[in-house]
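If you want the building blocks of each chain, they are given just below.
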Amino acid sequence: MWAFNPSIPSIKREMPSRYRLEGFECRDCGFRSLPPRQICPRCGSRNLSRVRLPNRGRVLQHTVVHSAPRGYEFYTPYVLALIELEDGTRLFSQLTDVDPEEVTQGMEVEAVLRKVRVGGHGGPVAYGLKFRPVLKR
Amino acid sequence: MMRELYVIGSGLTKIGNLWDKGLRDLAVEAGLAAMEEAGVDSVDAVFVGNMMSGILNAQENLGAYVADYLGLSGVPAFKVEAACASGGAAVVSAAMAIKSGLFDRVLVVGVEKMSDMTATEDVTSALATASEADYELFWGASFVSLNALIMRAYAQRYGLREEDFGWMPILMHKNASDVPYAQLRFPITMESYLSSPKIADPIKLLDSAPMGDGAAAAVLSASERRDGEGVSVALVGFGSATDAMALYTREELVELKGAKLAAKRAMEMAGVTPRDLQVLEVHDAFSVMGYLNLEALGVVEPGKASRLIESGDAERSGSLPVNPEGGLKARGHPVGATGVYQFVEIYRQLAGRAGPAQAGSPELGAAMNVGGTGSNVVVTILRRVS
């Protein structure tokens, strides 16, 4: 039996990005992404600053997972999505609190803390920021 | 003065769930066949292409392991890993070693023994390690779901319908049906393609390469070896390149930047253009990947790859045969061996020894081997010398 298991130390290390959406901004070319890096992957600059990314955005592309990796079966079917945040930063996450059939391109979403992976199989319970549809007021 | 590089021998095993053959049996079968075909009983080094032996077989240190069972202990030997492009990366490593002048003759063995891990979910998880663990796998992504995002974006960008993706697997199954070592030797129809279940929307089961065991090997040499008809095959160009690991950090989902770079480098070294290529091996792990490969090679405009396949031009008898042995989809995709299968297939096509898969008498051919979702790519170009 083999599965992807985030270790407890790795969960701790990734906390700033996973739970606070901390990323970087390149002061030279303006590229923003997460997790924080030393060198801008677009222009090679080392002139980067840490930024807190916005917690709202829209769905650019998505797919529905029916057959999940071990540790993720509990949540099937779940939606994996490429999301563009309000500042243009792209990231990868899951959608939550939505019927997979009702996901549309461009759907407005916001970050919310959710359980990502159940324990067992020798791995810890892991949490992360999933995205849910923004409620219309 | 740069040294020339020749392929002087090749060996392949059948691909499939080969329950009675282990990792070492497969590597030895292909490796010995290649050395026999080359007429040599020694080499200066062994490069082993493999992706997942640590996870699947609890066996690493494959350089020493394969050299030992090939009776070659003492030679320098290493495993080369570049996800699904491990085989191509091993070929390129051997080529670099010979070009450097350090070695004159090198054995390349690509091998993957997948069926020992009997639970498919485990193999799926192992394959997914080609993607970024902390920012892709953490979210429950698999290799299939990442490719599904690419396929959906590609279909939208170019306005493609479901059936446009069916032409690739249909041709692959047709090609593999008479290839003795292929894994899936049966034809499929557009009807069966369209009714095939979706494994990660929009990817269907029949868009996807099967899991299988297999090994392929080639002997590369600085010295030419002509066959009875005075024909030899030279490795005239090779190039590798990387792209961003995680899909979300790329500017484009529907363009394989690394693949384009690798192709450009290989073609520059060979002094050829895409129009010169006469037979191709592309990495159709999923139908959309096959299309993106053809576009990255520059043999077809972006968005037009499905039309190339649909037109019949890519058939064995067409103007530009693509994967005449069935590609990853039907010949099979023993991951770390795949790049070496592709390389050997181009070699045999040029040497006129591809058997039932022989696609005319091409003189120049290229193989594109892709790791991850395009994050590590190898292109090799071979030419017939006569």
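Whatever comes next refers back to the structure up there.
A. Quick look at the overall build of chain A. Broken down by element type, chain A carries 2 helices and 8 strands. Counting helices and strands in the order they occur from the N terminus, chain A gives α-α-β-β-β-β-β-β-β-β. Relative to the 2.2 N^0.38 estimate, which gives 14 Å for 137 residues, the radius of gyration of chain A is 16 Å and therefore close to what a compact globule would have. For chain A, the spread of C-alpha atoms along the three principal axes comes to 45 × 40 × 25 Å.

B. Spotlight on a nonpolar patch on the surface. Judged by side-chain polarity, A:L113, A:V125 and A:Y127 come together as a nonpolar surface patch covering roughly 260 Å² of accessible area. Tracing the backbone shows A:L113 in strand β7 (residues 108-117).

C. The arrangement of the pattern of salt bridges in detail. Residue and element names in this part refer to chain B. Applying the stated rule across the entire model yields 35 salt bridges over all chains. Here R250 ties to D243 by a salt bridge, and the two come within 3.6 Å at their closest N and O atoms. You can call R250 buried: its relative accessible area is 5%. Two residues, E268 and K264, come together in a salt bridge whose shortest N-O distance is 3.4 Å. Taken as a pair, E268 and K264 lie in helix α9 (residues 257-270) at a separation of 4 residues, close to a single helical turn. Classification of E268 by relative accessible area gives exposed; the value is 54%.

D. Representation of helix α10 (residues 287-297) of chain B in the model. Counting buried residues in α10(B) gives 11 out of 11 residues, a clear majority hidden from the surface. All of the buried residues along α10(B) are B:S287, B:V288, B:M289, B:G290, B:Y291, B:L292, B:N293, B:L294, B:E295, B:A296 and B:L297.

E. Inspection of the sheet that holds strand β2 (residues 32-33) of chain A at higher detail. Pairing within the open sheet is antiparallel, and its 3 strands lie in the order β2-β1-β3 (chain A). In this open sheet, the two strands that pair with only one neighbour each are β2 and β3 (48-52) of chain A.

F. Inspection of the environment of B:A85 at higher detail. Considering the arrangement of structural elements, one finds B:A85 in the loop between β3 (77-80) and α4 (86-99). Separated by 285 residues in sequence, B:A85 and B:V370 place their C-alpha atoms 4.9 Å apart.

G. Quick peek at the interface of chain A and chain B. Residue-level contacts link 38 residues of chain A with 31 residues of chain B. Carbon and sulfur atoms make up 59% of the area that chain A and chain B hide from each other, which totals about 3,100 Å². Taken together, chain A and chain B are joined by 3 salt bridges. Its salt-bridge partner being A:R18, residue B:D134 comes within 3.7 Å of it at the nearest N-O pair. The tally of links from chain A across to chain B stands at 14 residue pairs in polar contact (both at pLDDT 80 or more). Of all the secondary structure elements, the ones that give two or more residues to the side of chain A that touches chain B are α2 (15-20), β4 (56-65), β5 (78-85), β6 (90-95) and β8 (126-133) of chain A. Within the side of chain A that touches chain B, the residues separate by chemical class into 21 nonpolar, 10 polar and 7 charged.

H. Structural context of the state of the cysteines. All names here are of chain A. Overall, the coordinates contain 0 disulfides over all chains when judged by the stated rule. Between C40, a cysteine without a disulfide, and C29, which holds the nearest cysteine sulfur, the sulfur-to-sulfur distance is 3.7 Å. A relative accessible area of 2% places C40 in the buried class. Just so you know, C43 is unpaired, no disulfide at all, and the nearest cysteine sulfur is the one on C26, 3.6 Å from it. A residue is classified by how much of its surface remains accessible, and C43, at 40% relative accessible area, is partly exposed.

I. Examining α4(B) more closely. Residues and elements named next belong to chain B. Over its 14 residues, α4 extends 20 Å from the first C-alpha to the last, a length consistent with the 20 Å expected when each residue adds 1.5 Å. Across the 14 residues of α4, 12 count as buried, placing the element largely inside the fold. What α4 keeps buried is the set S86, G87, G88, A89, A90, V91, V92, S93, A94, A95, A97 and I98. Downstream of α4 by one or two residues, G101 has phi in the positive range, about 95°.

What counts as what
- Residues numbered from 1 in each chain as written.
- Chains lettered and ligands numbered in written order.
- Predicted model: local features only at pLDDT ≥ 70, side-chain atom pairs only at ≥ 80, totals over all residues.
- Heavy atoms only, no water.
- Helix = DSSP H or I, 4+ residues; strand = E, 2+ residues; numbered from the N terminus.
- Rg over C-alpha atoms; globule rule 2.2 N^0.38 Å.
- Patch = residues over 30% accessible without salt bridge, like charges linked within 9 Å, V, L, I, M, F, W, Y side chains within 5 Å.
- Areas by Shrake-Rupley, 256 points an atom, 1.4 Å probe, with all protein chains shown as cover.
- Salt bridge = Lys/Arg side-chain N within 4 Å of Asp/Glu carboxyl O.
- Buried < 20%, exposed > 50% of the residue type's maximum accessible area, 1.4 Å probe, protein only.
- Pairing = 2+ DSSP bridges.
- Contact = heavy atoms within 4.5 Å.
- Buried area = accessible area lost by both parts, 1.4 Å probe.
- Polar contact = N/O pair within 3.5 Å; in protein donor to acceptor, adjacent residues only side chain to side chain.
- Nonpolar A, V, L, I, M, F, W, Y, C, P; charged D, E, K, R; others polar.
- Disulfide = S-S within 2.5 Å.
- Expected span 1.5 Å × (residues − 1).

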